[in-house]
Amino acid sequence: MSPRSRSSGKGVGALGTSAGFPRGPEEVTCSWLAERIVPGGGLQRVETELLETDRLGADQAGICVRFELHWNGADAAAPQDGGARPESVIGKFAAADEERRAVGHERSCYVREVGFYRRLREDSDLATPRCYAAELAENEIDSVVLLEDLRHCISGDVLTGCSAQEARVAVEQLAALHASWWLREELLEHDWLSVPDDEPQVGRRAQRYRESQEAFCQRFAGKLSEPVFELLRSLSPALGAPLHPDSPWTLLHREYRCDNLLFEPARGGSSPRVFVIDWQSSGRGAGAADLAFFLGGSLRTSLRRKHEQGLVQRYHRELQRRGVEGYDFDACWRDYQLGSIGALVRAVTSAVLGAPSERADEVFTALVRRHAAHALDLDAEQLLRSF
């Protein structure tokens, strides 16, 4: 088999499944939390706060809550790493709604998120919240991921977009992730990862886009310019082939946008840090596709145009600094161009998944406008048709 389609047999089953874990926040107990955070640490009481998980109007197949933790006195045990007992943690569970659970299962959202934290996080050179638990049931739906609460960090907002400084930090972090998994054979063992350029997924992507594009144009009529709609209508015939058929592959986040990034403010002259969350779409493919998804959607168009060349160069230099060889800037730029098409296609198909709302329409209007401008600026459709 080719590297893109090879399966080692170490797929979902290799992750292992669990039975004795809470399926929802209402089932969480002090003893379960304490055993995973500070065994024997004397957790006395827990308060639960439902967090906003649906900024984009299309539920990401999960429920996210903050658990406020009330510990016993100072004589209680400290965490095994010697740090302070956390005042709160974040729990992420499968959706309660059956339709959304089915969508999450169909797209392997729960498997991928648990799989990342169990199998890939340790070898991924990027900052993520500490993971206390990642459990998956045999039905591959019920799941829980228990994470460090980085409440001191600032969450990005897709409408506001990233600043140029935030973009530089995020781009360097993305290059670090990609370099750490660049053409590593071990990544091929995880066949639960999405592989966008595999033949079956290419066909599904083309079909899903054809089904979504007309509905999108009807729903957003009058909210976007005619050149945008012309571009959307013209893409369908060109989506029957892989976007990156011969590109080197690495681990992809595939939802690398500003509202999946938590920015830690710089302190004492140090550089700001960014923590990456939400691995439900993680996959394997051309790294510059992640880069195009981020710059095209998470920067306002005027800011992206001003800094784009420098940011792509920064990404490529960071890959080289971290040991990636045989991938020149021209190849990187080409993958980046084609990645803008993939990002636009995903924005359109995601827009029609959820129920219409004022917030959802505002967000997806902005995203599709930005991604379309990005693809047009890069002449990406012409490049795609030249295959």
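Residues numbered from 1 in each chain as written. Predicted model: local features only at pLDDT ≥ 70, side-chain atom pairs only at ≥ 80, totals over all residues. Heavy atoms only, no water.

Enquirer: Describe helix α7 (residues 226-235), and please don't skip the residues or the numbers.
Expert: Restricting attention to buried positions, one finds in α7 the residues Val228, Phe229, Leu231, Leu232 and Leu235. Buried residues of α7 fall within an arc of 160° about the axis and therefore sit on the same side. On its buried side, α7 packs onto α6 (199-219), α10 (329-351), α11 (358-377) and α12 (380-385). (Buried < 20%, exposed > 50% of the residue type's maximum accessible area, 1.4 Å probe, protein only. Helix = DSSP H or I, 4+ residues; strand = E, 2+ residues; numbered from the N terminus. Arc of directions from axis to C-beta. Contact = heavy atoms within 4.5 Å.)

Enquirer: Account for the sheet that holds strand β3 (residues 88-94), with residues named and values stated.
Expert: The five strands lie next to each other as β1-β2-β3-β5-β4, forming an open sheet whose pairing is antiparallel. For this open sheet the edge positions go to β1 (43-50) and β4 (131-136), each flanked by a neighbour on one side alone. Each strand of the sheet is rotated relative to its neighbour by a mean of 25°, with strand direction disregarded. The pairing of β4 with strand β5 (residues 143-148) spans five bridges and is classified as antiparallel. Of the residues in β5, the one forming a bridge with alanine 133 is leucine 146. The sheet contacts of helix α4 (residues 109-120) involve β3, β4 and β5, and relative to β4 the element is tilted by about 140°. (Pairing = 2+ DSSP bridges. Axes fitted to C-alpha atoms, helices over the stretch in contact; angles between N-to-C directions.)

Enquirer: Lay out the nonpolar core in plain terms, naming residues and giving numbers.
Expert: Membership of the largest hydrophobic core comes to 91 residues, with the highest contact counts inside it found for Phe216, Leu232, Phe294, Leu295, Tyr315, Ile341 and Val368. Considering every element that reaches this core, the biggest residue donor is α10, with nine residues. Ignoring any residue separated from it by four or fewer positions in sequence, one finds leucine 295 in contact with Val171, Arg304, Leu311, Val312 and Tyr336. By size, the runner-up hydrophobic cluster in this structure holds 19 residues, among which are Leu43, Leu69, Ala133 and Ala137. (Core = buried A, V, L, I, M, F, W, Y, C linked by side-chain atoms within 4.5 Å.)

Enquirer: Could you give me a rundown of unusual backbone geometry, with the residues and numbers involved?
Expert: Non-glycine residue arginine 254 carries a positive phi angle of around 75°. Checked against the element boundaries, arginine 254 lands in the loop between β7 (250-252) and β8 (261-264). On the basis of relative accessibility, which here comes to 16%, the residue arginine 254 falls in the buried class.

Enquirer: Mind laying out the sheet that holds strand β9 (residues 273-276), listing which residues take part and the relevant values?
Expert: On the basis of which strands lie adjacent, the open sheet formed by three strands has the order β6-β8-β9 and antiparallel pairing. In this open sheet, the two edge strands, each paired with only one partner strand, are β6 (154-155) and β9. Bridge count for β8 against β9 is four bridges, and the pairing is antiparallel. Opposite glutamate 264, over in β9, you have arginine 273 as the bridge partner. Where helix α5 (residues 164-180) meets the sheet, its contacts fall on β8 and β9, and the angle it forms with β9 comes to roughly 55°.

Enquirer: Could you give an account of the environment of glutamate 255, naming the residues involved and the relevant values?
Expert: Examined against the element boundaries, glutamate 255 turns out to sit in the loop between β7 and β8. A residue is classified by how much of its surface remains accessible, and glutamate 255, at 10% relative accessible area, is buried. It is 7.7 Å that separates the C-alpha atoms of glutamate 255 and aspartate 278, two residues lying 23 residues apart in sequence. Residue contacts for glutamate 255: discarding those within four places in its chain leaves Asn260, Ser281, Phe293 and Arg346. A polar contact of 2.7 Å, which involves the side chain of glutamate 255, links it to the side chain of arginine 346. (Polar contact = N/O pair within 3.5 Å; in protein donor to acceptor, adjacent residues only side chain to side chain.)

Enquirer: Can you lay out the pairing of strand β2 (residues 62-71) for me, pointing to particular residues and giving the numbers?
Expert: Most of β2 is tucked away, with seven of its ten residues classed as buried. As paired strands, β1 and β2 are joined by seven bridges and run antiparallel to one another. Each residue of the ladder has a partner; that of arginine 45, found in β2, is histidine 70. Across seven bridges, the pairing between β2 and β3 is antiparallel. Each bridged residue has a counterpart across the sheet, and for arginine 66 the counterpart in β3 is isoleucine 90.

Enquirer: Give me the lowdown on the side chain of serine 143, citing residues and values where you can.
Expert: Structurally, serine 143 can be placed in strand β5. Discounting chain neighbours no more than four positions away, the residues touching serine 143 are Phe21, Lys92, Phe93, Ala94, Tyr110, Val114, Glu135 and Leu136.

Enquirer: Which residues make up the packing of aromatic side chains, and what values do they have?
Expert: This model, assessed by the stated rule, comprises eight aromatic pairs. Grouping aromatic residues by their ring pairs yields a cluster made of Phe116, Tyr117 and Trp279. (Phe/Tyr/Trp six-rings, centres within 6.5 Å; stacked < 30°, edge-to-face > 60°.)

Enquirer: Before we move on, can you summarise the pattern of salt bridges with the specific residues and values?
Expert: By the definition in use, this model includes 28 salt bridges. Taking the shortest distance from any N to any O, the salt bridge between arginine 151 and glutamate 68 comes out at 3.2 Å. Remark: glutamate 68 occurs in strand β2 and arginine 151 occurs in the loop between β5 and β6; sequence separation between them is 83 residues. Using a relative accessible area of 45% as the deciding quantity, one classes arginine 151 as partly exposed. (Salt bridge = Lys/Arg side-chain N within 4 Å of Asp/Glu carboxyl O.)

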